[in-house]
There are 2 protein chains.
Amino acid sequence: MISTRYGALESADALEAALREIGAERYHIHHPFHRLLHTGKLDRGQVQAWALNRYYYQSRIPMKDAALLSRCKDRALRREWLVRLLDHDGMGDQEGGIVRWLRLCSGLGLDPDYVISEEGILPATKFAVDAYVRFVRERTLLEAVASSLTELFAPKIHEERIPGLLKHYSFVSEEMVAYFRRRLDQAPRDAGFALAYVREHADTAEKRLGVAQALIFKCDVLWAQLDALHYAYVLGGGIPIGAFVPEGQPSVRAA
Amino acid sequence: MISTRYGALESADALEAALREIGAERYHIHHPFHRLLHTGKLDRGQVQAWALNRYYYQSRIPMKDAALLSRCKDRALRREWLVRLLDHDGMGDQEGGIVRWLRLCSGLGLDPDYVISEEGILPATKFAVDAYVRFVRERTLLEAVASSLTELFAPKIHEERIPGLLKHYSFVSEEMVAYFRRRLDQAPRDAGFALAYVREHADTAEKRLGVAQALIFKCDVLWAQLDALHYAYVLGGGIPIGAFVPEGQPSVRAA
């Protein structure tokens, strides 16, 4: 019998309970940086640093979804998963989520070309996000699907973020939060599908453990990104050479 | 012509000058966490956290060196590089550097089985170190060799570290710093070879740029590991659930 911090995972219901407990404990809604962001405690430069670094994550989501598609023999799963690529990249008249994210960055005063160049991204952001893409590329398909399950907890963070940003930051407009409004519908649909998938396909305790560990891994990926932002831009740990420096803030590591 | 922060890289000499400048600016000897470590400003739990996380890096070095060997058609280069595997893993009577590192961990009061289990490692450490192994696996052989060039700057950090640890921490003994004493000879030999190799094989400005960028990448890998330690164990950013918690220190994220 497998025993974990989250129970023995002896059934699909036990797995789902464990997944919800993992989220309750480890989802980045609890990170101090998000609390600062959502309650208006950051300055414009710090919000810029967040949007810029989070862009790198957004930019890799369609790549990780394509990686999943590329190893999936199940046409039904591919058809279902394809909608994620459309959501993020758009097609035809649909602009997609990445364009909405870039609009948030522009609204915050960041040059979109600079954002897209990825020049100012913290190395720690790249290490964490790249680890996610590779996880989806290299682990089992079940674990790859499971690593998307942080979306189970996304609506709550968006419900907190949208009014938080609009209320506390004069430089944030309704148009700039369009990305998050859109995710309020998209994320539950995707998460519902992924949850049903892992409930059905994780048919041994070992597979259920793999699913739980995939979600823990993904929570770590999200959490580590905020650690790095908090360290570099709030706690004064220093901004790595080459990374984004908010106006008026010297890079601690400058030679 | 290629123009970088470190010059135009128009020759092997220009490349070497750039590499030395990159090290002077970005090598982790300058990181605030190392300054604290070497000047006796950390407590035992913080030194344990450092040794534990650094173990993960040590443990992956032979794997990245094997990755390099596995894609190297040049027998002369393989023969030269093989010595690194011997240095770290040992053979026959030679115990190798990883055993010496584990002895440091034991001396600090960490259970070697716990260290080897990798359970307490910070996620950010894993993301950074894994990025290094994959870099060596996926980039050109020249870039893979170049990413080892931080060893050019290692003797200086060891010369600072050995007396620093022995002087400031009553719980550090001569036996525990054996790893670093050994590296004083090994690192310059390896770095000298790698430097000669990149000087010879980086025969276009573009290749020289790749070499410089590989060293920058590697400096980022080392730096990010200290950022994560500094954040979690010194600045109070919080210890991720599951990561090592020094005796008497509560995990900030505990549920």
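The rules behind each value
Residues numbered from 1 in each chain as written. Chains lettered and ligands numbered in written order. Predicted model: local features only at pLDDT ≥ 70, side-chain atom pairs only at ≥ 80, totals over all residues. Heavy atoms only, no water. Helix = DSSP H or I, 4+ residues; strand = E, 2+ residues; numbered from the N terminus. Rg over C-alpha atoms; globule rule 2.2 N^0.38 Å. Buried < 20%, exposed > 50% of the residue type's maximum accessible area, 1.4 Å probe, protein only. Contact = heavy atoms within 4.5 Å. Areas by Shrake-Rupley, 256 points an atom, 1.4 Å probe, with all protein chains shown as cover. Lys, Arg positive; Asp, Glu negative; His and termini not counted. Charge placed at Lys NZ, Arg CZ, Asp CG, Glu CD. Salt bridge = Lys/Arg side-chain N within 4 Å of Asp/Glu carboxyl O. Polar contact = N/O pair within 3.5 Å; in protein donor to acceptor, adjacent residues only side chain to side chain. Nonpolar A, V, L, I, M, F, W, Y, C, P; charged D, E, K, R; others polar. Least-squares fit on C-alpha atoms with pLDDT ≥ 70 in both. Axes fitted to C-alpha atoms, helices over the stretch in contact; angles between N-to-C directions. Parallel < 35°, antiparallel > 145°, perpendicular 65-115°, else oblique. Left-handed = near helix turned anticlockwise from the far one by under 90°.

(A) Seen up close, the overall build of chain A. Counting secondary structure elements, chain A contains 11 helices and 0 strands. For chain A, the sequential pattern of α-helices and β-strands runs α-α-α-α-α-α-α-α-α-α-α. Its C-alpha atoms give chain A a radius of gyration of 19 Å, within 12% of the compact-globule value 18 Å for 255 residues. Projected onto its principal axes, the C-alpha coordinates of chain A cover approximately 55 × 45 × 35 Å. Considering chain A as a whole, with its 255 residues, one finds that 59% of them fall into the buried category. Contacts spanning at least 24 positions in sequence make up 73% of the contacts within chain A whose residues lie at least 6 apart. In the structure as shown, chain A presents an accessible area of about 10,600 Å², 52% of it carried by carbon and sulfur atoms. Positive and negative side-chain charges of chain A, numbering 33 and 33 respectively, have mean locations separated by a distance of 1 Å.

(B) Quick peek at the interface of chain A and chain B. In this assembly, 24 residues from chain A lie in contact with 24 residues from chain B. Where chain A packs against chain B, one counts 2 salt bridges. Residue arginine 134 of chain B pairs with glutamate 138 of chain A through a salt bridge whose shortest N-O separation is 2.6 Å. Where chain A meets chain B, there are 4 residue pairs in polar contact (both at pLDDT 80 or more). Looking at the side of chain A that touches chain B element by element, the count peaks at 8 residues for helix α11 (residues 205–234) of chain A. A per-class count over the side of chain A that touches chain B returns 13 nonpolar, 3 polar and 8 charged.

(C) Representation of the relation of the copies chain A and chain B. Rotating chain A by 180 degrees and moving it 0.0 Å along the rotation axis overlays it on chain B with an RMSD of 0.0 Å. Such a turn and shift between the copies fits a two-fold axis. Among all residues of chain A, the one whose C-alpha sits closest to the rotation axis is phenylalanine 127 of chain A, at a distance of 2.6 Å. Comparing interface residues between copies, 100% of those in chain A also lie at the interface in chain B; the contact surface is shared.

(D) Highlighting the packing of helix α1 (residues 12–26) of chain A against α11 of chain A. Residues and elements named next belong to chain A. The N-to-C vectors of α1 and α11 enclose an angle of 15 degrees; their axes lie 10 Å apart at closest approach. Taken together, the axes of α1 and α11 lie roughly parallel to each other. Judged by the sense of rotation from one axis to the other, the crossing of α1 with α11 is right-handed. Residues Ala12, Leu15, Leu19, Ile22 and Arg26 of α1 pack against Arg208, Val211, Ala212, Leu215, Ile216, Cys219, Asp220 and Trp223 of α11. Here the residues of the contact of α1 with α11 sort into 10 nonpolar, no polar and 3 charged.

(E) Just the environment of threonine 150 of chain A, in detail. Residue and element names in this part refer to chain A. Among the secondary structure elements, threonine 150 is positioned in the loop between α8 (141–146) and α9 (154–168). With a relative accessible area of 4%, threonine 150 lands in the buried category. A C-alpha to C-alpha distance of 29 Å links threonine 150 and phenylalanine 171, two positions 21 residues apart in sequence. When sequence neighbours within four positions are dropped, the list of residues in contact with threonine 150 reads Tyr27, Leu215, Lys218, Cys219 and Leu222. Here the side chain of threonine 150 touches lysine 218 through a polar contact of 2.7 Å, side chain to side chain.

Just distances and angles here, no functional claims.
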